[in-house]
Amino acid sequence: MNMTAATVRPRVRWSEYAPGVPGWARVAAHLIAVCTLPSAVWRLGIIVQFPFGYDAAWIHRSRLDTVFGDVRMILLCIVSELLALLAFGLVQRWGEVVPPWLPPLRGRRIPTWIPTVLAAVGGVGLTAIWTGGVAYAALTGTTFDVGTEPGLPTTVQLVSYAPMVIWGPLLLALTIHYCRRRVSRYRRSVTPA
């Protein structure tokens, strides 16, 4: 079979950025992906018994010195990072068309409203929890954990969680851009020439 250059489709890389994604959106997606890492390091430090200033009594009260506590901390690290990585779906091709590694749905266009609604709900929730919560804790000197003494442990914990303050607002900015970009592309495709 002889295929001409016109009939050969270019191979789509699903990790490529979608057409029309500006540089700020790419940077925002990467920032979201790394903003959960300091808190993960803090949690993993507790698991390996390097508690960043927390005393054994607090760790015992919080039940972090048990297998259940270790599993809970590891799962929290994994889940938070996976959720953060979903921001790439708002800037890459796999957020617009189902990738080929999902056989039943592969190649189908993802309706714009699904990622928009899910990301908007997530962005509002994250902004309320992290942007509001960490700011409140920092301004009032309160701690995340009841019974934790102010001082080095609280400071280390706040510094570890501080990058998460940007997660919600950045996700909301990406969500608005994603929705506008997809809707404007759809309008251009259906507008008669």
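All of the points below concern the structure found in this document.

Procedures and definitions
Residues numbered from 1 in each chain as written. Predicted model: local features only at pLDDT ≥ 70, side-chain atom pairs only at ≥ 80, totals over all residues. Heavy atoms only, no water. Helix = DSSP H or I, 4+ residues; strand = E, 2+ residues; numbered from the N terminus. Buried < 20%, exposed > 50% of the residue type's maximum accessible area, 1.4 Å probe, protein only. Contact = heavy atoms within 4.5 Å. Areas by Shrake-Rupley, 256 points an atom, 1.4 Å probe, with all protein chains shown as cover. Core = buried A, V, L, I, M, F, W, Y, C linked by side-chain atoms within 4.5 Å. Phe/Tyr/Trp six-rings, centres within 6.5 Å; stacked < 30°, edge-to-face > 60°.

## As for the overall build of the protein chain
Helix and strand counts for the protein chain come out as seven helices and zero strands. Reading the protein chain from its N terminus to its C terminus gives the helix and strand order α-α-α-α-α-α-α. Across the 193 residues in the protein chain, those meeting the buried criterion constitute 35%. Considering only contacts within the protein chain whose residues lie at least 6 apart along the sequence, 74% involve residues at least 24 apart. Element-wise, carbon and sulfur atoms account for 71% of the exposed surface of the protein chain, whose accessible area totals about 11900 Å².

## Looking at the side chain of His 177
Residue position: His 177 is located in helix α7 (residues 167–190). Residues within four places of His 177 in sequence aside, it is in contact with Gly 20, Val 21, Pro 22 and Trp 24.

## Some remarks on the nonpolar core
Ranked by internal contacts, the top residues of the largest apolar core, which has 32 residues, are Ile 32, Ile 46, Val 91, Trp 167, Leu 171 and Leu 174. Mapped onto this core, the elements with two or more residues apiece are α1 (23–35), α2 (37–47), α3 (56–61), α4 (67–85), α5 (113–140), α6 (152–161) and α7. Top element by residues in this core is α1. It accounts for six residues. With near-sequence residues (within four places) excluded, Leu 171 lies in contact with Ile 32, Ala 87, Leu 90, Ala 119, Gly 122, Gly 123 and Leu 126.

## Thoughts on the packing of aromatic side chains
Each aromatic ring pair is specified by the distance between its two centres and by the angle formed by the two planes. All chains considered together, the criterion is met by two aromatic pairs. Seen from their ring centres, Trp 42 and Tyr 161 are 5.7 Å apart, and the 70° between their planes marks the pair as edge-to-face. Remark: Tyr 161 occurs in helix α6 and Trp 42 occurs in helix α2; sequence separation between them is 119 residues. Since its relative accessible area comes to 7%, Tyr 161 is described here as buried. Centroid distance Trp 130 to Tyr 161: 5.2 Å. Interplanar angle 15°. Geometry classified as stacked. With Trp 130 in helix α5 and Tyr 161 in helix α6, the pair connects residues that are 31 residues apart, well separated along the chain. A relative accessible area of 17% places Trp 130 in the buried class. Taken together, the aromatic side chains of Trp 42, Trp 130 and Tyr 161 make up a single cluster linked through ring pairs.

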